[in-house]
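Descriptive structure summary
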Amino acid sequence: MKLLPVALAIFYRFQDSGLEVWTQRRTDDGIYHGLLEFPGGKIEEGETPLAAAVREVQEEVGIDVDPADGRHFGLYPNELSGRVVLLNVFLFPDQASLAGRGEWLAIETTHLSSLYRGKIPGPNHQIIDDLFRALYS
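Residues numbered from 1 in each chain as written. Predicted model: local features only at pLDDT ≥ 70, side-chain atom pairs only at ≥ 80, totals over all residues. Heavy atoms only, no water.

Notes on the pattern of salt bridges
- Within the structure shown, the criterion is met by 9 salt bridges.
- For R13, the salt bridge goes to E20, with nearest N and O atoms at 2.7 Å.
- Overall, the relative accessible area of 11% leaves E20 in the buried class.
- Between R55 and E59 there is a salt bridge; the shortest N-O distance is 3.2 Å. Of this pair, R55 and E59 both sit in helix α1 (residues 49–61), separated by 4 residues, roughly a single helical turn.
- If you follow the salt bridges from partner to partner, you end up with E44, E47, R55, E56 and E59 in one network. (Salt bridge = Lys/Arg side-chain N within 4 Å of Asp/Glu carboxyl O. Buried < 20%, exposed > 50% of the residue type's maximum accessible area, 1.4 Å probe, protein only. Helix = DSSP H or I, 4+ residues; strand = E, 2+ residues; numbered from the N terminus.)

And the structure:
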């Protein structure tokens, strides 16, 4: 089975209501069309996963982030269309330049990511739930 390494950037913040994660609506014609997703994409040859996450944020969101702000959170394999997509997940703090772009999702203790079933890609549920548990354990 073919391995496709991908980098994801998750912006997060703490509000009075608790944890929020930033997403953007997918506009491509792929299987995640119309869903809310984290910026990310394929890691190019010779590129580090962190550099790919920073590049994808610039390409997809149009903002520059400091790689020093990125923190590796984990690896999440996901089987998709006969290949394994290996999601390299990086956390970034809230950026002022995200204002007016995308959508912040509130992650509540009682429901975690389940409130967004059908609105975010399936693999992102595990990432969001793990992030909540890591930050609140």
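Quick look at the packing of aromatic side chains
- Summed over all chains, the structure comprises 5 aromatic pairs.
- Arranged with centres 6.1 Å apart and planes meeting at 90°, the rings of F11 and W22 form a pair that is edge-to-face. In this pair, F11 sits in strand β1 (residues 2–15) while W22 sits in strand β2 (residues 18–25), placing the two residues 11 residues apart along the sequence.
- Given the relative accessible area of 0%, F11 is considered buried.
- An angle of 40° between the planes, with centres 5.6 Å apart, marks the rings of F11 and F92 as tilted. Highlighted residues: F11 in strand β1 and F92 in strand β6 (residues 83–93), separated in sequence by 81 residues. Like F92, F11 is buried.
- Pairwise contacts between aromatic rings join Y12, F14, F132 and Y136 into one cluster.
- Taking the ring centre of W104 as reference, the NZ or CZ of R13 above it sits at 3.9 Å. (Phe/Tyr/Trp six-rings, centres within 6.5 Å; stacked < 30°, edge-to-face > 60°. Lys NZ or Arg CZ within 6 Å of the ring centre and 35° of its normal.)

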